[in-house]
Amino acid sequence: MLKRRSALAAAAGWTIVGASAARAQAWPNGPVKIVVPYIPGGATDTAGRIVAEKLTALLGQQVIVENRGGGNTIIGMELVAKSRPDGQTLLLGTTTLATNAALGLKQPYDPLKDFQPISTLADIPDIIALNNDLPVRTYAEFAEWVNKQPQRVRFATSGIGNQPHLWMELFKTRNRLNMEVVAYKGAADAIRDVLAGHVPMLCDVVLPTGNHVKAGRMKGLVVASAERSTVCPDVPTVVELGMPDMVSAVFYGVVAPAGVPRPIVDRLNGLVHQVISDAEVKRKFADLGFFTTGSTPEVYLEKLKFETARWTKVVKDNDIKVEG
């Protein structure tokens, strides 16, 4: 009797595994949708379309981008969180999976429980850039100059609570720099005022700011990456300056609704790795200022947990508040 029960249990187990594997083999059973939680245009949308184009070629099935901007990415992320967990709807996840929680924004989902991470995709690191008239060239000169000023030195960002702003708050605290933020409604306005000398410096991602550095219109102080950026290769990294703990970036990944069967998760993970291993994709991402990454689902989840805790502390320590 015991042997018969064991045999039946084993058969049932194999049936479940077999059915799950069959679903993975049958996936996708129609067009796959990648939700980009931003309006069309810009680096995030472009990255999503690069991935969709390559996945279409790999799958022989149409992969489309659906833009759902608004709500600091919450609108698009809610759509995916509440979609059927069948692998047909995916999210181009961004750093806001961590920073929205850190900022205490009301979200109609749990970013760590209601999504299934598939793989990290790419990072675009932060850069500190200076107005050309500042009398400094190196980081040591910069730090000395900042702390000699009679008032706090202002730094521009493209918005309160975004990742470059949070990183700059961490950077100034870590290095005991007497500075304060001036927030703009976008990178273009912040760059314009730094170029004009109204604000001495800014922190942003390497594009478009790095292009101004490369063209000689600004001075690049440091890039928050382990390797030098292809956009502005003359700018030293935080690692070169002896600050490996300050490596940081706006990071992207592919995410699905929670509950997607593991065989589909594994297949998607393999496809994402194929995409970012492609030489043409790497070139296109590099042109956007991205470093391609790639990870297991488990590593991606741990990254989300780490980044959420990291920025939650920065928000609390600096009493940062945003509406929402």
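Reading the values: the criteria
- Residues numbered from 1 in each chain as written.
- Predicted model: local features only at pLDDT ≥ 70, side-chain atom pairs only at ≥ 80, totals over all residues.
- Heavy atoms only, no water.
- Helix = DSSP H or I, 4+ residues; strand = E, 2+ residues; numbered from the N terminus.
- Rg over C-alpha atoms; globule rule 2.2 N^0.38 Å.
- Buried < 20%, exposed > 50% of the residue type's maximum accessible area, 1.4 Å probe, protein only.
- Contact = heavy atoms within 4.5 Å.
- Areas by Shrake-Rupley, 256 points an atom, 1.4 Å probe, with all protein chains shown as cover.
- Lys, Arg positive; Asp, Glu negative; His and termini not counted.
- Charge placed at Lys NZ, Arg CZ, Asp CG, Glu CD.
- Core = buried A, V, L, I, M, F, W, Y, C linked by side-chain atoms within 4.5 Å.
- Axes fitted to C-alpha atoms, helices over the stretch in contact; angles between N-to-C directions.
- Parallel < 35°, antiparallel > 145°, perpendicular 65-115°, else oblique.
- Nonpolar A, V, L, I, M, F, W, Y, C, P; charged D, E, K, R; others polar.
- Phe/Tyr/Trp six-rings, centres within 6.5 Å; stacked < 30°, edge-to-face > 60°.
- Lys NZ or Arg CZ within 6 Å of the ring centre and 35° of its normal.
- Left-handed = near helix turned anticlockwise from the far one by under 90°.
- Pairing = 2+ DSSP bridges.
- Salt bridge = Lys/Arg side-chain N within 4 Å of Asp/Glu carboxyl O.

Chemist: What is the right way to read the overall build of the protein from this model?
Modeler: Scanning the protein for helices and strands turns up 11 helices and 10 strands. A globule of 324 residues ought to have a C-alpha radius of gyration of about 20 Å, and the protein, at 22 Å, matches this closely. Overall, the protein is about 85 × 40 × 35 Å in size when its C-alpha atoms are taken along their principal axes. Counting every position in the protein, which comprises 324 residues, the buried fraction comes to 51%. Partitioning the intrachain contacts of the protein with sequence separation of at least 6 by distance along the chain shows that 77% fall at a separation of at least 24. Accessible surface, the protein as shown: approximately 15000 Å² in total, 55% of it carbon and sulfur. Charge separation in the protein, taken as the distance between the mean sites of 36 positive and 31 negative side-chain charges, equals 6 Å.

Chemist: Sorry, what's going on with the side chain of T73 here?
Modeler: Tracing the chain through its elements places T73 in the loop between strand 2 (63-67) and helix 3 (74-81). For T73, a relative accessible area of 2% gives the class buried.

Chemist: Please clarify how the nonpolar core should be interpreted in this entry.
Modeler: Looking at soluble globular proteins, one finds that nonpolar side chains tend to be buried together. One finds I34, L121, I124, L202, F285 and F290 to be the most contacted residues of the largest nonpolar core, which totals 53 residues. When residues in this core are grouped by element, the largest group, seven residues, is from helix 9 (residues 262-277). Excluding its chain neighbours within four sequence positions, the residues that come into contact with L202 are I127, I128, A129, A156, A190, I191, V194, T209 and M218. In this structure, A143, C203, V255 and I320 belong to the second largest nonpolar core, which totals 45 residues.

Chemist: Looking at this structure, how should I read the packing of helix 2 (residues 42-59) against helix 10 (residues 279-287)?
Modeler: Each pair of packed helices can be summarised by the angle the axes make with each other and by the distance between the axes. For the pair helix 2 and helix 10, the least separation of the axes is 11 Å and the interaxial angle reads 175 degrees. Comparing their axes, helix 10 and helix 2 come out roughly antiparallel. Every residue of helix 10 that contacts helix 2 at A47, I50, V51, E53 and K54 is listed here: V281, K284 and F285. Considering only residue class, the contact of helix 2 with helix 10 consists of five nonpolar, no polar and three charged.

Chemist: Which parts of the structure should I look at to understand the packing of aromatic side chains?
Modeler: Any two aromatic rings considered together are summarised by their centre-to-centre distance and by the angle between their planes. Evaluated as defined, the whole model comprises six aromatic pairs. Summarising the aromatic geometry, the rings of Y109 and F115 are spaced 5.4 Å apart at their centres and angled 75 degrees between planes, so their arrangement reads as edge-to-face. In this pair, the class of Y109 matches that of F115, namely buried. An aromatic cluster is built from Y139, F142, W167 and F171, whose rings are joined through pairwise contacts. Between the NZ or CZ atom of K303 and the centre of the ring of F251, over which it lies, the distance is 4.6 Å.

Chemist: How should the packing of helix 2 against helix 9 be read in this particular structure?
Modeler: Packing of helix 2 against helix 9 leaves a shortest axis separation of 10 Å and a crossing angle of 115 degrees. In terms of their interaxial angle, helix 2 and helix 9 are classed as roughly perpendicular. Of the two elements, helix 2 crosses helix 9, and the hand of that crossing is right-handed. Touching V51, K54, L55, L58 and L59 of helix 2 are R267, L271, Q274 and V275, all from helix 9. Residue composition of the contact of helix 2 with helix 9, by class: six nonpolar, one polar and two charged.

Chemist: Sorry if this is basic, but what is going on with the pairing of strand 9 (residues 249-257) here?
Modeler: Regular strands show a simple pattern: their side chains alternate between the two faces of the sheet. Counting buried residues along strand 9, nine of its nine residues qualify, which places the element largely inside the surrounding structure. As paired elements, strand 3 (residues 89-93) and strand 9 share three bridges and run antiparallel to each other. Considered in strand 9, the bridge of L92 is made with V254. Pairing of strand 4 (residues 115-131) with strand 9 involves nine bridges; the strand directions are antiparallel. Bridge pairing links T120 to G253 in strand 9.

Chemist: What exactly am I supposed to notice about the pattern of salt bridges here?
Modeler: Oppositely charged side chains may form a pair once their charged atoms are brought near each other. Taken as a whole and judged by the stated rule, the model has 20 salt bridges. A salt bridge links E240 to R228; the nearest nitrogen and oxygen atoms lie 2.8 Å apart. In this pair, E240 sits in the loop between strand 8 (218-223) and strand 9 while R228 sits in the loop between strand 8 and strand 9, placing the two residues 12 residues apart along the sequence. Relative accessible area serves as the criterion here: at 43%, E240 is assigned to the partly exposed category. A network of salt bridges, in which partner residues are shared, links K33, E66 and R68.

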